[in-house]
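Here is how the chains run, residue by residue.
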Amino acid sequence: MSSHLSIRKMSIDESPEDEEEVPTAQTTITSYCSSDVINEVMNPLIEQGLKAQNEGEEAGKFSFSFRQMASSAKVTPVKDVAHLEEANHEEDTPNDKIKLESIFEGLGSFGRFQQIQFILICIPIAFVSMHVMSWTFVVSSARKICNETNETLVDGCEELAYSASDRWDMNGDNAWIRATVQSVYFVGQMIGSFTCGVMADKIGRKKVLFWCLVLQVTCALLLIIAPTWWIYALLKAGTGFTQPGIYGVAVVLGIELVGKQYRSFIAVIANVFGVVGGIILSTMAYYIVDYRLLHAAIAIPSLIFITYYWVIHESARWLVSQEKYDDANVVLCATASMNKKTMPKDWADKMEKKVDVTATKKKDSFGAVDLVRTPQMRKRTLANFVMWPVTTMMYYGMTMRSDVGGGSLFVTFVSSQLMELPAVIIVALLIDRLGRRIMYSGSIFTAGVFLLANWLTHDLIPNQYAVVMLMIAKGAVSVSYTVMYTYTSELFPTVIRNTAVGCCSTMARVGAVTASFIAFFLVDRYGRIVMIIPFTILAMCASIVSWFMLPETVNKPLPDSISEIEGNKI
């Protein structure tokens, strides 16, 4: 009888190794049901049952109890026992799923893997910046030295360079060609913004980045030998097409690569590479006086980016959103290995799955229409469709025509680029303290105020003070431009993030095309007022829209589904 009582007293969670009592058949419920474990449990019971059977009545009772439990153990197959264990565990711990964000944080928010990958995807941004602004120097007549005392020189100037303007006669009545070429470049950007944004969400960030790098290098090399200005313009459009696929995708890829506490630095660091590219461009343009050689100096080093197909990894976050868990596991394991971290075992099975209840189609069929399908998404999209063209028009307009307030093109261009460095530092220091919304709204408002002050006081103050005002306005625009990429990427969910950034960038090209005609055509015809007044009014509008229509995203989890934006229960 004592044996029987001992068996009945055992807890279901105790093991034979922890207790002196004889194990029971119930032990099989909490064991991993291999044949070895079952034998270890059943053999002592069989021996004890045979021994007790010789002791009479008590043995009979024990034998009955034993047969009952053994019979119960035999009825439950091994697979069912494992299932029973899982079911009981789920009842006891209903919230044992691993969140995707915790996996990324566990692997290191900005470890060695993220640092190397991000630096690699930022290097092409410097070359993108060169392609965007190269037309400013390629078409410029600033590389002439004028000497009024030398009567043998035509118009009193000595030509030191061979520019596109000289080759295809873009002066005087043909000045519209200058604006047209740069506008065609931005039309290429417009097409690329939408195409690259959507495709990056469909086929992946890495593939879009790589093929845009290949196309950019190809078009850049062909620019050297373009026989006519309109063929040159089409090739410029090709390089423009690749800009969103390189810069925009790089920023999104970077944001998805790091932890949330580092997301604000992604667009900041990317912008630093753009500034470096602009400074390198102006330096090369000063010494390389033939526009064809200038294009060669930009294009040839870019050939190294062909190797990116083998060195850049796809976004693990995007792979998980597409349920490509095997591919995601490769990236995450590479991250864990380089960061010297440990991957959770069977993380894909244990991960908390987020089902987007707003989806009406398959997971991979989100498109531009989903940006306006639901109320909160629609509100965010419309606000960004105001912010992006205004900020882009001001940014490119004040960069392409940096000498609008007077001075040497080379000096004012470098000064304009250098103004972006303190702007970037301000963003790095304050974006997480003040937040994205106040940083964007406040900086674009500041730009508008200084432009207005420049217009009102231009004839009342020395010229150098007017230039300083314009440089401050350019720095403020640079702050808003840098913040805008981070802000927009955080406002939209993973399933449609690149599409959102792509569509916003498409709208931004409207502003860029407008800026081209203002900078290269209208300012020469009608004066600086055609730049200052529109920029001021639109800057005020963008500031108001962003402040009243958009939420703050600082220190908020990066949304993965539209349902999270709309506040639906997932």
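Just so it is clear, the model here is predicted, and its values are computed rather than measured.

Here is what the cut-offs are and how they apply
Residues numbered from 1 in each chain as written. Predicted model: local features only at pLDDT ≥ 70, side-chain atom pairs only at ≥ 80, totals over all residues. Heavy atoms only, no water. Axes fitted to C-alpha atoms, helices over the stretch in contact; angles between N-to-C directions. Helix = DSSP H or I, 4+ residues; strand = E, 2+ residues; numbered from the N terminus. Parallel < 35°, antiparallel > 145°, perpendicular 65-115°, else oblique. Left-handed = near helix turned anticlockwise from the far one by under 90°. Contact = heavy atoms within 4.5 Å. Buried < 20%, exposed > 50% of the residue type's maximum accessible area, 1.4 Å probe, protein only. Salt bridge = Lys/Arg side-chain N within 4 Å of Asp/Glu carboxyl O. Expected span 1.5 Å × (residues − 1). Polar contact = N/O pair within 3.5 Å; in protein donor to acceptor, adjacent residues only side chain to side chain. 1 Å grid on protein atoms, 1.4 Å probe; cavity = no way out; pocket = protein on both sides within 12 Å on 5 of 7 lines; lining within 4 Å. Points joined across faces, edges and corners; volume = space filled by probe spheres on them. Nonpolar A, V, L, I, M, F, W, Y, C, P; charged D, E, K, R; others polar. pLDDT = per-residue confidence, 0-100.

Colleague: How should the packing of helix 10 (residues 229–257) against helix 22 (residues 497–526) be read in this particular structure?
Modeller: In helix packing, the relevant descriptors are the interaxial angle and the interaxial distance, both defined with respect to the helix axes. For the pair helix 10 and helix 22, interaxial distance at closest approach is 10 Å and the crossing angle is 140°. Taken together, helix 10 and helix 22 sit at an angle that is classed as oblique. Between helix 10 and helix 22 lies a crossing whose hand is right-handed. Residues Gln243, Pro244, Val249, Val252 and Glu256 of helix 10 touch helix 22, and the partners they reach there are Arg497, Asn498, Val501, Ser505 and Arg509.

Colleague: How do you make sense of the environment of Phe194 when you look at a structure like this?
Modeller: With respect to the helices and strands, Phe194 occurs in helix 8 (residues 176–202). You can call Phe194 partly exposed: its relative accessible area is 39%. In sequence terms Phe194 and Gly502 are 308 residues apart; their C-alpha atoms lie 4.7 Å from each other. Every residue in contact with Phe194, bar those within four places of it in the chain, is listed here: Ala368, Gly502, Cys503 and Thr506.

Colleague: Hey, could you run me through the pattern of salt bridges in this one?
Modeller: Any two side chains of opposite charge can pair, given that their charged atoms come close. Applying the stated rule across the entire model yields 9 salt bridges. Across the salt bridge formed by Lys474 and Glu420, the nearest N and O atoms sit 3.2 Å from each other. Residue Lys474 is located in helix 21 (residues 463–491), and its partner Glu420 is located in helix 19 (residues 420–434); the two are separated by 54 residues in the primary sequence. For the residue pair Lys474 and Glu420, the accessibility class agrees, reading buried in each case. Of the charged contacts, one joins Asp432 and Arg436 as a salt bridge, the two residues approaching to 2.7 Å between their closest N and O atoms. Since its relative accessible area comes to 28%, Asp432 is described here as partly exposed. Since its relative accessible area comes to 1%, Arg436 is described here as buried.

Colleague: What should I look at first to understand helix 23 (residues 529–549) in this one?
Modeller: Side chains of residues three or four places apart in an α-helix project in the same direction, reflecting 3.6 residues per turn. With 21 residues, helix 23 should cover 30 Å at 1.5 Å per step; its first-to-last C-alpha distance of 30 Å lies within 8% of that length. For helix 23, every residue scored as buried is listed here: Met531, Ile532, Phe535, Thr536, Ala539, Ala542, Ser543, Val545 and Ser546. Contacts from the buried residues of helix 23 go to helix 17 (375–400), helix 20 (436–457), helix 21 and helix 22.

Colleague: What is the right way to look at the side chain of Ser543 in this model?
Modeller: Here Ser543 is to be found in helix 23. According to the relative accessible area criterion, Ser543 is buried, its value standing at 5%. In terms of polar contacts, Ser543 uses its side chain to reach the backbone carbonyl oxygen of Ser441, at 2.9 Å.

Colleague: Whenever I open this one, empty space enclosed by the protein confuses me. Can you help?
Modeller: Which parts of space are left empty comes out when a probe the size of a water molecule is rolled across the atoms. By the definition in use, this model includes 5 cavities of 30 Å³ or more. Space inside the largest cavity adds up to approximately 180 Å³. Taken together, 15 residues make up the lining of the largest cavity; nearest its centre are Ser129, Val132, Gly274, Tyr395 and Tyr396. Mapped onto the lining of the largest cavity, the elements with two or more residues apiece are helix 6 (112–138), helix 10, helix 11 (263–287) and helix 17. By residue number, the principal contributor to the lining of the largest cavity is helix 6, which donates 5 residues. Lining of the second largest cavity is provided by 16 residues; of these, Phe104, Gln114, Glu256, Leu257 and Thr335 occupy positions nearest its centre. Of all the secondary-structure elements, those providing two or more residues to the lining of the second largest cavity are helix 5 (100–106), helix 6, helix 10 and helix 15 (325–339). When grouped by side-chain class, the residues that make up the lining of the second largest cavity number 7 nonpolar, 6 polar and 3 charged.

Colleague: What exactly am I supposed to notice about the confidence of the model for the protein chain here?
Modeller: Segments scoring low in pLDDT should not have their predicted coordinates read at a detailed level. Averaged over the protein chain, the pLDDT score is 78; the fraction of residues at 70 or greater is 75%. For residues 1–42, every residue scores under 50 in pLDDT, and the model assigns this stretch 52 contacts once sequence neighbours within four places are set aside. Here residues 355–364 is modelled with pLDDT under 50, and outside its nearest four sequence neighbours on either side it reaches 22 contacts, counting other chains as well.

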